[in-house]
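Structure assessment
Okay, here's what each chain looks like letter by letter:
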Amino acid sequence: IYQGTDSAALKKGVGHFTNTSIWGGNVALAGHNRGVRNDFGKIHTLRTGDTISLTTSLGSRSYSVTSVSKISYTDTSMLEATSDNCITLFTCVEDQPAYRWCVRAVAG
């Protein structure tokens, strides 16, 4: 995971939205889903209840998917801070530049 979601960070791997938490609360990450970097592949095929695992220098945590949705690329509401520990993943929607896939999962 690299700090930032600009093209330089995403060229190396998954990017962290720096205005979100890196551990407690809402951890928001972005990644490519095709091409040279395919870190988030087909995250839009995840289902409610599927598990996402995150391991950092702070520890490991498992999250249970609560939603998978297609949102406008201008919608930043899923970047807002949360009181519970969750992870939010973003990637492009192929051939639909006005949209992003957004997956939310909550620690369990």
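Above this note sits the structure.
Let me sum up the structure you'll find in this document. Since the structure is predicted, the reported quantities are computational estimates derived from the model, not experimental observations.

1. Quick look at the environment of Asp-50
The residue Asp-50 is located in the loop between strand S3 (26-30) and strand S4 (51-56) in this model. Separated by 2.8 Å, the side chain of Asp-50 and the backbone nitrogen of Arg-47 make a polar contact.

2. So, the layout of surface pockets
Roughly 250 Å³ of internal volume is contained in the largest pocket. Contributing to the lining of the largest pocket are 16 residues, with Phe-17, Ala-30, Phe-90, Thr-91 and Arg-100 lying nearest its centre. For the lining of the largest pocket, the secondary-structure elements that each account for two or more residues are strand S5 (59-72) and strand S6 (86-92). Looking at which element gives the most residues to the lining of the largest pocket, the answer is S6, with 3 residues. Class assignment for the residues of the lining of the largest pocket results in 8 nonpolar, 6 polar and 2 charged.

3. What to know about the pairing of S6
The element S6 is extensively covered by neighbouring structure, given that 6 of its 7 residues are classed as buried. Sheet topology note: the S6/strand S7 (residues 99-107) ladder contains 7 bridges and is antiparallel. Considered in S7, the bridge of Phe-90 is made with Cys-102. Hairpin connection of S6 to S7: 6 residues between the antiparallel strands, including Asp-95 at a positive phi of 65°.

4. As for the pairing of S3
Most of S3 is tucked away: 5 of the 5 residues are buried. Bridge count for strand S2 (residues 15-16) against S3 is 2 bridges, and the pairing is antiparallel. In the sheet register, His-16 faces S3, and the bridge partner there is Leu-29.

5. What to know about unusual backbone geometry
We note that Asp-95 has phi near 65°; this positive angle belongs to a residue other than glycine. Looking at the element boundaries, Asp-95 is found in the loop between S6 and S7.

Calculation notes
Residues numbered from 1 in each chain as written. Predicted model: local features only at pLDDT ≥ 70, side-chain atom pairs only at ≥ 80, totals over all residues. Heavy atoms only, no water. Helix = DSSP H or I, 4+ residues; strand = E, 2+ residues; numbered from the N terminus. Polar contact = N/O pair within 3.5 Å; in protein donor to acceptor, adjacent residues only side chain to side chain. 1 Å grid on protein atoms, 1.4 Å probe; cavity = no way out; pocket = protein on both sides within 12 Å on 5 of 7 lines; lining within 4 Å. Points joined across faces, edges and corners; volume = space filled by probe spheres on them. Nonpolar A, V, L, I, M, F, W, Y, C, P; charged D, E, K, R; others polar. Buried < 20%, exposed > 50% of the residue type's maximum accessible area, 1.4 Å probe, protein only. Pairing = 2+ DSSP bridges.

That is the geometry; function is a separate question.
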